[in-house]
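# Understanding the architecture of this molecule
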Amino acid sequence: MDMSLPAPTVRTTCPYCGVGCGVTATVKPGTIPIIAGDARHAASGGRLCVKGAALGETLDLDGRLLYPHIREEGAMRRAGWDEALERVAGGFARIIEEYGPDAVALYVSGQLLTEDYYVANKFMKGYVGSANIDTNSRLCMSSSVAGHKRAFGEDLVPGCYEDFELADLVVLVGSNTAWCHPTLFQRILKAKEARPGLRIVAIDPRRTATCELADLHLPIKPGTDVWLFNGLLTYLARHGHADAAFVQAQTEGLEGALATADTDCSDPVQVARICRVDPGKLLAFYEAFAASDKVVSAYSQGVNQSSSGTDKVNAIINCHLLTGRIGRPGMGPFSLTGQPNAMGGREVGGLANMLAAHMDLDNPAQRELVRSFWDAPRIADKPGLKAVDLFRAVEEGKVKAVWIMATNPLVSLPDAEKVRRALDKCELVVVSDIVAATDTNDYADVLLPALGWGEKDGTVTNSERRISRQRAFLPAPGEARADWRALCEVARRMGFTGFGYEDAHAIFDEHARLSGWRNDAHNRRVFDISGLAGMHRKDYDALEPVQWPVAPGSSEGTQRLFADCRFAHANGKARFIATAPRAPVHAVDEDFPLALNTGRLRDQWHTMTRTGKSPRLANHAPEPTIDLHPHDALLCGVREGELARVTSRWGAMVARVAHGGGIARGSVFVPIHWSGQTASDARVGALVNPVVDPVSGEPEFKHTPVRVEPFVVEWQAFVLSRTPLAVDKVANWTRVQGAGFVRYELGGRGPAQAGWARTLLDVDEEADWIEYDDAGAGVYRAAHLVEGRLQACIFVTRGGALPPRQWLAGLFAQETLAPGERATLLAGRAPLAGADPGPTVCSCFGVGRNTIYAAIRKQGLETTAQVTSCLKAGGNCGSCVPEIGKLLAEARCGESERG
Ligand SMILES: Nc1nc2c(c(=O)[nH]1)N[C@H]1C(S)=C(S)[C@@H](COP(=O)(O)OP(=O)(O)OC[C@H]3O[C@@H](n4cnc5c(=O)[nH]c(N)nc54)[C@H](O)[C@@H]3O)O[C@H]1N2
Ligand SMILES: Nc1nc2c(c(=O)[nH]1)N[C@H]1C(S)=C(S)[C@@H](COP(=O)(O)OP(=O)(O)OC[C@H]3O[C@@H](n4cnc5c(=O)[nH]c(N)nc54)[C@H](O)[C@@H]3O)O[C@H]1N2
Ligand code: SF4
Ligand SMILES: [Mo]
C-alpha cells in the first residue's frame, strides 16, 4: 500500500444496539482502525457511546474462530470447509429424510445482517419446508411485534428519533435508555437543554441512570405496567382527553378495552396502591400525559420481557390511540429495539410464526405468493417452534439437528441448564460464531467461523426503520466466511437451487423485490422497499441510510407511518386491545422471597464476546454483582462486598453483593453479561424461569422468585497477570481483560500462600519473586517480575480489605518498574501516595469516582457541565452524566450533613 495516500475511511454502522449509529473506520496499516462517529448518519449525527467508541479495541484476532472444526471422538479438530459443510448438509438431509423437516431447526439472531437472515429464512421455510427457524429476537422484541400486529395489523413502528426531540413529554417505560440506547438518550437531553419544557418520565422498578435524569420517576412494583396504563386509559377517557373523531373514524374496539380497564383500574388511588407508587406522582404522570399532545411513549425490555409483555405493549398503544397521538411529529408509541438488526430480522420473517417480507404463514395466498416468488419446492404451512419451545423439543429429542448462528443460547435463554442438557443430547449441533470459546460452542459438533463486524457486508435496520449499510473495512481473517455463504453452501449441497448468490447485493435485491411482489390491494404490506430493488452494485455500496417504506420508483424513504391515519388491518382501522392485567406467573413466596430482575450494564454487550476484549470497557463493572436493597441484604445475612449465592427453582449463581443500583425492597438485580468464560458461576440465565408470554412467546426475564444467602469463602484475592491462569480449582472466580493483563477476582477455601500462589501463577524457583506473608493478619501478597517488568501480582486476604486495583493495573503498561515502585508494589500503592482514582465512572476519558468526588468537593463544582470542563468526564459520549449527577448530589448531601 502506498503510505503517502490518505488512509481510507469507510462509513459503516455500529454492530451493537438498535439506535444504529453511523461509524467511520479509518484503516492504517499496522495500527488498529480508528473509529469515529459519522456526522452524516441521520440516526446519530456523529455521536457514539463508549461501546461504539471502543470498537477498535475489539477487532484483533485473539480468540477468534478462524477455521471450521468438527467433533471427532468427543474432541474438536480443525477441518476444511468442504468437510464441515458436508457434515452439516449430510446431517440435515439424513435427519429430514428419516424424521421429516420439523426434526431440524435454525436458531439465529438479530445480530445477523438482513442478507444472512433472508437466506436463513428462505432455506428453512421454502426449501427444508419447516418454519422451525426462530431467533434471539424472540427473547427481545417479539412482544412488540405481537403488539404491533394486534393494534396496527402489521409489525410497524410508527415514528422516528426526531419525534423524541419534538415531543413535550417523553415517557420511558422499562427502558434504561441512558445505558442501553445512549446516543438517543443524549439526543433527548440535548433537546431538553434547548427546550426545558420537554419533560421526561421514567417508569422502572429500579432507580436507573435514566431515572436519575428524568423529571419524574415512577418506581413501580415489577410487572404492574398494565394496571398503570389501563389506569391512564380510563383517566384520559374520563377527563375528556379522547380524540373522539379519530377514535370514531380510525379505530375499533375502544369499548372493550375501556370496560376491561375500568374493571380494576378506574381509581388512580387503587392503581397507585397496586403499582406501589406514590398516588401524587401517579396523578402527576397522568396529568402530564393528558396535558401534552406531543407524547412519545418509548419502551423496551421492562415491557417486552414479561409473561404479559404483549398486553403491556397494547396497553401503552391504547393510550395513544385514544388520544389520536400517532402518525404526527413528536408523538407515538415507540418500541426501542435492542440488537443492531432486530428490525431487519422481522422484515425478512426470521421469527418462527412469520413468513417473509411481513407476510403471514397462516395466509394461504401469501404462502403461495412467497413460494412462487422463490420458486421453492415447498413452503412451511404452519408456525414453527418458538425459542423456548424449540430447545425443549431438542431436549425431548423431537428436534435432532440445530444450527445456531450469532447467538449464545447457553447463556441467554431462560432455564439455561435445560439448554445445556438439550444440546448435550442433540444429534447434530452446528454453531456459527466469530469467537472460538463460548459456552454454546462447547456443545457444537460442527463449528463454522463467521465474518465479524468490519469484515462482513450488508444491511441492518434500526429502531426507526432506517436501513443502513454495514461495510467491510478489514480482510476476511483465516478461513472465516459470511454467514449467508455458509447457508448457501449447505443449501447447494442439499440439492436446493435458488442459492447461487454472488454477493450480499444480490440477496438484498431479491429481498427488496419480494417486498413489492404482488403488494397490491389483495396482499397489501406496508413493508415495501421495492424502490431499492434493481440498484447497481455500486449504488448498493453507496446506499445512504433510508427509512422504509421506500415506494416503488422512488429512493426516498418515509419518516413516519400512519400520517394518513390508515392502518394495516383490512378495514384500515387500528384496534384497541382489551388488556386484563395479570401478575407475573411465578409469585415470590417464603422459600423464594425476592424477585430477580435481570438486565444490562452500561459498558458491556450481552455475553461479552466482543466488548469483553476492551480494557476500557471492563473498568466500569469489573465483576458480576447481585444488587439489592440494604435492608433485604440484612435479612438475607449478606454484606456488601462479600459473595452471595442467588438460587431459584431453576438454578443458582454466585456474585458479589452490591447496593447503589437503586433497587427497591423485594427485588434483586443481576446483570446478564457473565458466562462460563468470564466467571465460575455467574450465568444468570441458569436461574431465570422459562415462563413465556402466551401471545408472543417472549420469556419473563425480569421476574423470577429467588433467595439470596451468603456464599462463604475463607479468603478473597485478586490477581493481575499478563497470561491467563488456570483458576478452575478456586471456589469462585471472575475475570476481565485489562490493558496488558487479565484481572481475576478470587474467593477460595483452604490454603492460599506461597506454594499455592507460585503454582497458580506458574512461577519457578529461579524467578524474581517478591512476597509478603503475614499469616497472623491473614495477608499474603506476591509479585513476579521478569527483567524488571511486572509479570503478575497476587493479593490475598482472610478478612481485611484488598488494595485498589487501579495503580497496580497501570504498572502493566511499563517496560520496567522504577525502584520506588518495586518497593511499594506489595503495598499496592504508588510511592508518592497518589490518590486512588476509584472505580471508573467515565470510560471515555478513564476518570474515576474518587477523582470526580474530590474535584467536586475541592473546587465547589455544582453542575455536570462544570465537572466536564474541569476533568473532561462526561464530555464525550455522555453515558456517565447520570453517575456524575449522582456524585454531585452525594457531595451536596455530605455538605448539608456536616451543616
Ligand atoms: N450497554 C448495553 N446496551 C444495550 C445492550 C447491552 O447488552 N448492553 N443490549 C441491547 C439489547 S439487545 C436490548 S434488548 C436493549 C435492552 O434495553 P433495556 O430494555 O433498556 O435494558 P434492560 O436492562 O434489559 O431493562 C430495562 C429496564 O427494565 C426494568 N424493568 C424490570 N421489570 C420491569 C417492569 O415490570 N416494568 C417496567 N416498567 N420496567 C421493568 C429494569 O429494571 C431495567 O432497568 O439494550 C440494547 N442496548
Ligand atoms: N436473563 C436475561 N437473559 C436475556 C436477556 C435479559 O434481559 N435477561 N435479554 C435477552 C435479549 S433482549 C437478547 S437480544 C439476548 C442476547 O443474547 P445472545 O444473542 O445470546 O448474546 P450475544 O453475546 O450477543 O451473542 C451473539 C453471539 O454471536 C457471535 N457473533 C457476533 N457477530 C457474529 C456474526 O457476524 N456471525 C456469527 N455467526 N456470530 C457472530 C458473538 O461472538 C456471540 O457469541 O439475550 C437475551 N437473554
Ligand atoms: S448508542 Fe452506542 S451501542 Fe448503540 S449504536 Fe450507537 S454507538 Fe453503537
Ligand atoms: Mo435484545
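Definitions and cut-offs
- Residues numbered from 1 in each chain as written.
- Chains lettered and ligands numbered in written order.
- Predicted model: local features only at pLDDT ≥ 70, side-chain atom pairs only at ≥ 80, totals over all residues.
- Heavy atoms only, no water.
- UniProt positions renumbered as here; feature names shortened; annotations may be inferred.
- Helix = DSSP H or I, 4+ residues; strand = E, 2+ residues; numbered from the N terminus.
- Rg over C-alpha atoms; globule rule 2.2 N^0.38 Å.
- Buried < 20%, exposed > 50% of the residue type's maximum accessible area, 1.4 Å probe, protein only.
- Areas by Shrake-Rupley, 256 points an atom, 1.4 Å probe, with all protein chains shown as cover.
- Lys, Arg positive; Asp, Glu negative; His and termini not counted.
- Charge placed at Lys NZ, Arg CZ, Asp CG, Glu CD.
- Near = heavy atom within 4 Å.
- Polar contact = N/O pair within 3.5 Å; in protein donor to acceptor, adjacent residues only side chain to side chain.
- Nonpolar A, V, L, I, M, F, W, Y, C, P; charged D, E, K, R; others polar.
- Domains from an automatic or database assignment.
- Contact = heavy atoms within 4.5 Å.
- Buried area = accessible area lost by both parts, 1.4 Å probe.
- Salt bridge = Lys/Arg side-chain N within 4 Å of Asp/Glu carboxyl O.
- Pairing = 2+ DSSP bridges.
- Core = buried A, V, L, I, M, F, W, Y, C linked by side-chain atoms within 4.5 Å.
- Axes fitted to C-alpha atoms, helices over the stretch in contact; angles between N-to-C directions.
- Parallel < 35°, antiparallel > 145°, perpendicular 65-115°, else oblique.
- Left-handed = near helix turned anticlockwise from the far one by under 90°.

Going by the annotation in an unreviewed UniProt entry, the name recorded for the protein is Molybdopterin-dependent oxidoreductase, with Massilia suwonensis given as the source organism. UniProt lists a comment for the protein under the heading Sequence similarities (unreviewed entry), and it reads "Belongs to the prokaryotic molybdopterin-containing oxidoreductase family. NasA/NapA/NarB subfamily."

What follows deals with the overall build of the protein. Looking only at helices and strands, one finds 31 helices and 34 strands in the protein. Taking 899 residues into account, the globule formula puts the C-alpha radius of gyration at 29 Å, and the protein, at 27 Å, falls close to it. In terms of its C-alpha atoms, the protein occupies a principal-axis envelope of roughly 80 × 70 × 65 Å. The 899 residues of the protein split such that 61% are buried. Put simply, the protein shows about 32,400 Å² of open surface, and 51% of that area lies on carbon and sulfur atoms. Averaged over its 97 positive side-chain charges, the protein has a centre that lies 2 Å from the centre of its 105 negative ones.

Among the 35 residues in the neighbourhood of ligand 1, the closest are listed as Asp204, Gly223, Gln301, Arg600 and Gln604. Taking glycine 223, its main chain carries an N or O atom lying 2.6 Å from an oxygen atom of ligand 1. Notes on ligand 1: free accessible area 910 Å², of which the protein chains cover 99%. Broken down by secondary-structure element, the contributors of at least two residues to the shell around ligand 1 are α6 (177-180), α14 (301-304) and β21 (594-599). Residues belonging to the shell around ligand 1 are distributed by class as follows: 11 nonpolar, 16 polar and 8 charged. Built from parts of two domains, the shell around ligand 1 gets at least three residues from each of domain 3 (144-335) and domain 4 (594-710).

What follows covers the domain arrangement of the protein. Here the protein is described as being made up of domain 1 (9-58), domain 2 (69-140 + 341-462 + 475-501), domain 3 (144-335), domain 4 (594-710), domain 5 (715-827) and domain 6 (840-898). Contacts between the two partners involve 22 residues from domain 2 and, on the opposite side, 24 residues from domain 4. Buried surface at the junction of domain 2 and domain 4, both sides included, amounts to about 1,800 Å², of which 53% is carbon and sulfur. Summed over the shared surface of domain 2 and domain 4, the number is 1 salt bridge. We note a salt bridge from glutamate 417 to arginine 683, for which the minimum N-O separation is 2.2 Å. Secondary-structure elements contributing two or more residues to the side of domain 2 that touches domain 4 are α19 (409-412) and α20 (416-425).

Paired through backbone hydrogen bonds, the strands of a sheet run either parallel or antiparallel to each other. Read across the sheet, 3 strands follow the order β17-β18-β19 without closing on themselves; strand pairing throughout is antiparallel. Strands with a single pairing partner mark the edges of an open sheet, and in this sheet they are β17 (458-461) and β19 (546-547).

Here we come to the nonpolar core. Side chains that are nonpolar tend, in soluble globular proteins, to be buried together. Among the nonpolar cores identified, the biggest contains 193 residues, and Phe92, Phe123, Phe285 and Trp403 are the most heavily contacted of them. Once residues lying within four places of it in the same chain are set aside, the contact partners of phenylalanine 285 are Val171, Val201, Ile203, Leu216, Leu218, Leu228, Phe229 and Leu232. If you look at the next biggest cluster of nonpolar residues, it comprises 25 residues, including Ala105, Tyr107, Leu139 and Val429.

The sites that carry the UniProt feature "domain: 4Fe-4S Mo/W bis-MGD-type" (unreviewed entry) are, in the present numbering, residues 7-63. Across residues 7-63, helical content stands at 7% and strand content at 25%; the span's end C-alpha atoms are separated by 27 Å.

Spatially, β5-β4-β16-β15-β14-β6-β7 is the arrangement adopted by the 7 strands of the open sheet, whose pairing is mixed. Strand pairing shows two members of the sheet lacking a second neighbour, β5 (75-78) and β7 (133-135), which therefore form its edges. On average, adjacent strands in this sheet sit at an angle of 20° to one another, irrespective of strand direction. Bridging between strand β4 (residues 69-72) and strand β16 (residues 446-449) involves 2 bridges; their strand directions are antiparallel. Counterpart to histidine 69 in the pairing with β16 is leucine 447. Contacting β6 (104-108) and β7, helix α3 (residues 114-128) runs over the sheet at an angle of about 160° to β6.

Right, let's talk about the pairing of strand β22 (residues 625-628) for a bit. On any regular strand, side chains alternate: one points to one face of the sheet, the next to the other face. Across 3 bridges, the pairing between β22 and strand β24 (residues 652-658) is parallel. Bridged to threonine 625 within β24 is arginine 656. With 2 bridges connecting them, β22 and strand β25 (residues 667-671) associate as antiparallel partners. Bridging across to β25, leucine 628 finds its partner in valine 668.

Moving on: the site of ligand 2. In the vicinity of ligand 2, 32 residues are found, and the nearest of them are Gln111, Ser412, Asp433, Lys456 and Thr607. The contact in question runs from an oxygen atom of ligand 2 to an N or O atom on the side chain of threonine 607, over 2.6 Å. Here ligand 2 has 920 Å² of accessible area as a free molecule, and 99% of this is covered by the chains. Taken together, the residues of the shell around ligand 2 sort by class into 12 nonpolar, 14 polar and 6 charged. When residues of the shell around ligand 2 are sorted by domain, at least three fall in each of domain 2 (69-140 + 341-462 + 475-501) and domain 4 (594-710).

Let us now look at the pairing of strand β31 (residues 779-786). For β31, the buried fraction is high: 7 of the 8 residues fall into the buried class. Alignment of strand β30 (residues 768-774) against β31, held across 7 bridges, turns out to be antiparallel. Bridging from a neighbouring strand, tryptophan 769 pairs with histidine 784 of β31. The loop that links β30 with its antiparallel partner β31 comprises 4 residues; one of these, glycine 778, has a positive phi angle of about 70°.

Within the element layout of this structure, glutamate 479 appears in the loop between β18 (466-470) and α21 (483-493). Taking C-alpha positions, glutamate 479 is 9.4 Å from leucine 448, a pair spaced 31 residues apart along the chain. Other than its neighbours up to four places away in sequence, glutamate 479 contacts Leu66, Tyr67, Pro68, Arg78, Trp81 and Pro449.

Right, let's talk about helix α18 (residues 387-395) for a bit. Counting buried positions along α18 yields 7 of 9 residues, so the element is predominantly enclosed. Among all positions in α18, only Ala387, Val388, Leu390, Phe391, Ala393, Val394 and Glu395 are buried. Looking at the buried positions of α18, the neighbouring elements they touch are β6, β7, β14 (401-405), α19 and α20. Once α18 finishes, glycine 397 follows within two positions and takes phi at roughly 80°, a positive value.

So, on to the pattern of salt bridges. Using the criterion set out here, one finds 61 salt bridges in the structure. In this structure, glutamate 165 and arginine 187 form a salt bridge, with 2.8 Å as the shortest nitrogen-oxygen distance. Here glutamate 165, found in helix α5 (residues 162-166), pairs with arginine 187, found in helix α7 (residues 182-194); they are 22 residues apart in sequence, far enough to count as distant. Note on glutamate 165: relative accessible area 25%, which makes it partly exposed. According to the relative accessible area criterion, arginine 187 is buried, its value standing at 10%. In this structure, arginine 325 and aspartate 293 form a salt bridge, with 3.6 Å as the shortest nitrogen-oxygen distance. With arginine 325 in the loop between α15 (309-322) and β13 (332-335) and aspartate 293 in the loop between α13 (279-291) and β12 (295-299), the pair connects residues that are 32 residues apart, well separated along the chain. Residue classification places aspartate 293 among the partly exposed residues on the basis of a relative accessible area of 38%. Through salt bridges with shared partners, one network takes in Asp82, Glu86, Glu489, Arg492 and Arg493.

Interaxial distance between helix α9 (residues 225-238) and α15 falls to 9 Å at its minimum, and their mutual angle equals 15°. For the element pair α9 / α15, the angle class is roughly parallel. The handedness of the crossing between α9 and α15 comes out as left-handed. Residues Asp225, Val226, Phe229, Asn230, Leu232, Leu233, Leu236 and Ala237 of α9 form the contact with α15, whose participating residues are Asp311, Lys312, Ala315, Ile316, Asn318, Cys319 and Leu322. Taken together, the residues of the contact of α9 with α15 sort by class into 10 nonpolar, 2 polar and 3 charged.

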